[in-house]
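Summary of structural features
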Amino acid sequence: MSLIDKNWPLSPRDPHVPAWTNVIDKSWEANRMATYAAMVENLDNGVGDILDALKQKGVEQNTLVIFFSDNGACAEPIEPNWYNVPSRTRDGRPIAVGNNNHSIFAGPDNAWQSYGLPWANVSDTPFVLYKHFTHEGGIASPFIARWPAGIKHSGTVSAQLAHVTDIVPTLVEMAGAKHPNNYEGRSIQPLEGNSLIPIFEGEKRPHPSPIFWEHEGNRAVRLQQWKLLAHQGHEWELYDTMTDRTEQNNLASTHTAKVKEMAALYDAWAKRCNVLPFSQLPRERPIIPTSVTNTASQSVSK
């Protein structure tokens, strides 16, 4: 489908993930991915229902429909006391929570599991890492736009760079509106992104740069083909996304001037947008599972 440039090297399998030939309980693992695939199929059917409704109303030609994933694949496990999941179903059956009991298969409404790190590694191929991180495996997200009256070449794939901040400017331009500077005496932050309309019309859009990310101390900045990123508490890494979007060749040690330039851009953005350093964030509140007694909850609250 030409979604992935053949020149980008394939990232290695996550060292925490066994090869499929070494997986002991293949039926349990396969069921996790099959359940996830079934969820995606249901979502796809729901999108089809929306498109059918637009067609029935006679507005499908001039309606922009956007499908956008918020992040890359999620490798987080589900633990019994990690999330505040309900202890029972609506009809009173107990809910089994967690990824470690292989006698419990995902799918029914009384089983809470995630598909875990191994299938997240598959889902993010060929990129590195997952949701939570600012490597491409965490931030490269599928974006599908359907607008029969406005998209010049339907059914095609664009390699032009875009960012979530481009969505609002796109909708503002489509509506013929103007983003206000203030509202009821309160100043409003100017828009960060740029309209996607030129891409929809088959034109080359000026490269939107720089672009920034931050999540739980993981940070990144994209400047043209260059991407600077760092794990929380670690040094900056530098990659050339034109030749190495799978982030296999860290160039930070040989391009120190570029690292310094982009790090300064990130620091200025973080200050302007009130992005706190991870060390200055307030401590997270304890998660109290639903199964804990009121007495235990009160003791945790204190």
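Report follows, based on the coordinates. (Residues numbered from 1 in each chain as written. Predicted model: local features only at pLDDT ≥ 70, side-chain atom pairs only at ≥ 80, totals over all residues. Heavy atoms only, no water.)

The full count for this structure, using the stated rule, is nine aromatic pairs. Aromatic pair tryptophan 20 and tryptophan 119: ring centres 5.9 Å apart, planes at 50°, arrangement tilted. Taken together, the residues span a long stretch of sequence, with tryptophan 20 in the segment before α1 (26-56) and tryptophan 119 in helix α2 (residues 116-123) at a distance of 99 residues. Relative accessible area serves as the criterion here: at 16%, tryptophan 119 is assigned to the buried category. Taken together through their ring pairs, the aromatic side chains of Phe212, Trp236, Tyr266 and Trp269 make up a single cluster. Between lysine 26 and the ring centre of tryptophan 20, over which it is positioned, the NZ or CZ distance is 5.8 Å. (Phe/Tyr/Trp six-rings, centres within 6.5 Å; stacked < 30°, edge-to-face > 60°. Helix = DSSP H or I, 4+ residues; strand = E, 2+ residues; numbered from the N terminus. Buried < 20%, exposed > 50% of the residue type's maximum accessible area, 1.4 Å probe, protein only. Lys NZ or Arg CZ within 6 Å of the ring centre and 35° of its normal.)

This next bit is on the environment of serine 123. Within the secondary structure layout, serine 123 lies in helix α2. As a C-alpha pair, serine 123 and methionine 33 span 90 residues in sequence and 9.9 Å in three-dimensional space. Aside from chain neighbours lying at most four places away, what touches serine 123 is Met33, Ala73 and Tyr115. A polar atom in the side chain of serine 123 sits 3.1 Å from the side chain of tyrosine 115. (Contact = heavy atoms within 4.5 Å. Polar contact = N/O pair within 3.5 Å; in protein donor to acceptor, adjacent residues only side chain to side chain.)

In globular proteins that are soluble, nonpolar side chains generally tend to be buried together. Counting residues in hydrophobic clusters, the biggest one holds 17 residues, and the most contacted among them are Leu228, Trp236, Leu238, Met262 and Tyr266. Elements represented by at least two residues in this core include exactly β8 (218-223), β9 (226-230) and α6 (256-272). Ranked by the residues each element gives to this core, the list is headed by α6, at six residues. With residues up to four places along the chain from it excluded, the contact list for leucine 238 reads Trp226, Lys227, Leu228, Asn249, Asn250, Leu251, Ala252, His255, Lys258, Val259 and Met262. Counting seven residues, the second largest nonpolar core, distinct from the first, contains Leu64, Trp147, Ile199 and Phe200. (Core = buried A, V, L, I, M, F, W, Y, C linked by side-chain atoms within 4.5 Å.)

For α1, spanning 31 residues, the distance from its first C-alpha to its last is 45 Å, which sits close to the expected 45 Å at 1.5 Å a residue. Along α1, the residues classified as buried are Trp28, Glu29, Arg32, Thr35 and Leu54. On its buried face, α1 sits against β1 (65-68) and α2. Positive backbone phi, approximately 75°, marks glycine 58, located one or two places after α1. (Expected span 1.5 Å × (residues − 1).)

On to the pattern of salt bridges, then. Taken as a whole and assessed by the stated rule, the structure comprises ten salt bridges. As a salt-bridge pair, glutamate 136 and arginine 245 come within 2.7 Å of each other at their nearest N and O atoms. With glutamate 136 in helix α3 (residues 136-139) and arginine 245 in the loop between β10 (237-240) and α6, this residue pair connects regions lying 109 residues apart in the sequence. One salt bridge connects glutamate 192 with arginine 272, and the closest N-O pair in it is separated by 2.6 Å. With a gap of 80 residues between them, glutamate 192 in the loop between β6 (186-187) and α5 (197-200) and arginine 272 in helix α6 connect regions that are remote in the sequence. By relative accessible area, which is 42% here, glutamate 192 ends up partly exposed. (Salt bridge = Lys/Arg side-chain N within 4 Å of Asp/Glu carboxyl O.)

A separate point is α2. An α-helix turns once every 3.6 residues. As a result, residues three or four positions apart point the same way. Listed in full, the buried residues belonging to α2 are Gly116, Trp119, Ala120 and Asn121. The elements touched by buried residues of α2 are α1.

Next up on the list: the sheet that holds β8. Paired through their backbone hydrogen bonds, the strands of a sheet run either parallel or antiparallel. Within the open sheet, the four strands sit side by side as β7-β8-β9-β10. Their pairing is antiparallel. The two strands at the open ends of the sheet, each matched to only one other strand, are β7 (211-215) and β10. When strand polarity is set aside, the average angle formed by the axes of neighbouring strands in this sheet is 15°. Together, β7, β8, β9 and β10 form the strand contacts of α6, whose direction differs from that of β8 by roughly 115°. (Pairing = 2+ DSSP bridges. Axes fitted to C-alpha atoms, helices over the stretch in contact; angles between N-to-C directions.)

Let's shift gears to unusual backbone geometry. Cis geometry is adopted by the peptide bond preceding proline 126, which originates at threonine 125 and carries an omega value of 10°. Of note, proline 126 is situated in the loop between α2 and α3. Even without being a glycine, leucine 129 presents a positive backbone phi close to 65°. Relative to the assigned elements, leucine 129 resides in the loop between α2 and α3. Classification of leucine 129 by relative accessible area gives partly exposed; the value is 21%.

It is worth stressing that arrangement in space is one thing and function is another; only the former is reported here.
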